[in-house]
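# Descriptive analysis of the structure
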Amino acid sequence: MPHISFLGIGLMGAPMVARLLDAGFSLTLWNRTPDKAQRFADRALIAASPAQAVAGADVVITMLEDGAVVDQVLYQSGAIARLRPDTLVIDMSSIEPATARRHGAQVTQQGGGYLDAPVSGGTRGAEAGTLSIMAGGSDQDFDRAGLIFQALGKATHIGPVGSGQLAKLANQAIVGITIGAVSEALLLAAQGGARPDKVREALLGGFAGSKILEQHGERMLARNFEPGAPARIQLKDLRMILDEARAEGLTLPLSQRVFEEYRALQASGHGDVDHSGLLLELERLNGVRLSSGTGEEDPKEENG
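Residues numbered from 1 in each chain as written. Predicted model: local features only at pLDDT ≥ 70, side-chain atom pairs only at ≥ 80, totals over all residues. Heavy atoms only, no water.

## A closer look at the packing of aromatic side chains
Overall, the coordinates contain one aromatic pair when judged by the stated rule. Pairing F142 with F149 gives two aromatic rings, centres 6.0 Å apart and planes at 45°, and the pair type is tilted. Judged by relative accessible area, which is 18%, F142 ranks as buried. Taking relative accessible area as the criterion, F149 reaches 2% and is therefore assigned buried. (Phe/Tyr/Trp six-rings, centres within 6.5 Å; stacked < 30°, edge-to-face > 60°. Buried < 20%, exposed > 50% of the residue type's maximum accessible area, 1.4 Å probe, protein only.)

## Quick look at unusual backbone geometry
Among all residues save glycine, negative phi is the norm, and among peptide bonds the norm is trans. The phi angle at D86 is positive, at roughly 75°, despite the residue not being glycine. Topologically, D86 is positioned in the loop between helix 4 (67–76) and strand 5 (88–91). Classification of D86 as exposed rests on a relative accessible area of 54%. (Helix = DSSP H or I, 4+ residues; strand = E, 2+ residues; numbered from the N terminus.)

## With respect to the nonpolar core
The nonpolar side chains of a soluble globular protein tend to be buried with one another. Counting residues in hydrophobic clusters, the biggest one holds 34 residues, and the most contacted among them are F6, L20, L27, I90, M92 and F149. No other element matches helix 1 (residues 13–22), which puts five residues into this core. Formed by 30 residues, the second largest nonpolar core is a distinct cluster that contains L213, M220, I241 and L280. (Core = buried A, V, L, I, M, F, W, Y, C linked by side-chain atoms within 4.5 Å.)

## Focus: the environment of D91
Position of D91 among the secondary structure elements: in strand 5. For D91, a relative accessible area of 1% translates into the label buried. As for D91 and R223, which are separated by 132 residues in sequence, their C-alpha atoms are 33 Å apart. If we skip the residues at most four places from it in the chain, D91 touches T62, V70, Y114, L115, D116, A117, P118 and Q165. Of the polar contacts made by the side chain of D91, one reaches the side chain of T62; its length is 2.8 Å. (Contact = heavy atoms within 4.5 Å. Polar contact = N/O pair within 3.5 Å; in protein donor to acceptor, adjacent residues only side chain to side chain.)

## Digging into the pairing of strand 5
What you see with strand 5 is no split at all: L88 and I90 on one side and V89 and D91 on the other are buried throughout. Taking the sense of rotation as the criterion, the β-α-β connection linking strand 4 (residues 59–62), helix 4 and strand 5 turns out right-handed. Relative to strand 6 (residues 113–116), strand 5 runs parallel, the two sharing four bridges. Within the sheet, the bridge partner assigned to D91 lies in strand 6 and is D116. Running through helix 5 (residues 97–109), the crossover from strand 5 to the neighbouring parallel element strand 6 is right-handed. (Right-handed = clockwise from strand over helix to strand, strands pointing away. Pairing = 2+ DSSP bridges.)

Right under this line is the structure:
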């Protein structure tokens, strides 16, 4: 069993660490906020710095907020120089494909292996070990990560370095657009007098059925916007989607529109709600509130 250094013990990182520990891996942990790593102090080693964390590791996993943070923590800080030859670096953060390729080249120059392996499935998937893992890198490095990925979910080898991040961008385009569609559909049904909970129940059995309608539709009806995946992260991912599209000479009008809605949601002070909280921006725009199931409207209530 390889010794793993795990950097980033946040909403996603913490349950992933728990899964790896339960699977029998030995871990060294580091987090910018040390208290989040300390909860595992009885089961793992706690490092004081990224450089200390990666020294001596067989595998380094990063699960950080964005490409700039990954770059600063592991590369600009000089921690990357502490890698042993043949160390496998697995970046499970969602970052720009070009940044993943640059990081991969740096690790390769030092004699290590590199996979960009972002995930989908949210905190529920991380806790259950059912994450969808989208990996970019060599066949050899993908095979080396097999036991680790088995503890976390189902991994698919997408292609060369950077391909995993492209798959994640495709995932986030579908997620963001579909959350917007579910928000509009439930509000439309409720304002017309239908019970939105029953509309959701009926739609789950047809072509409109999806995990977004199942899980995030339930969140919207329950008005449970505690973050599994914060809206500001969805906004960051949509920005990366549009940047990548421009670099490839593409126009993506649906992604552009949903990006603008998430940007307005963040501007109204809701950047840290769950990304299903896009409903709040739709309610603000219309001056109404989605009921939990009666179909009754509340046109005067503001949700800012």
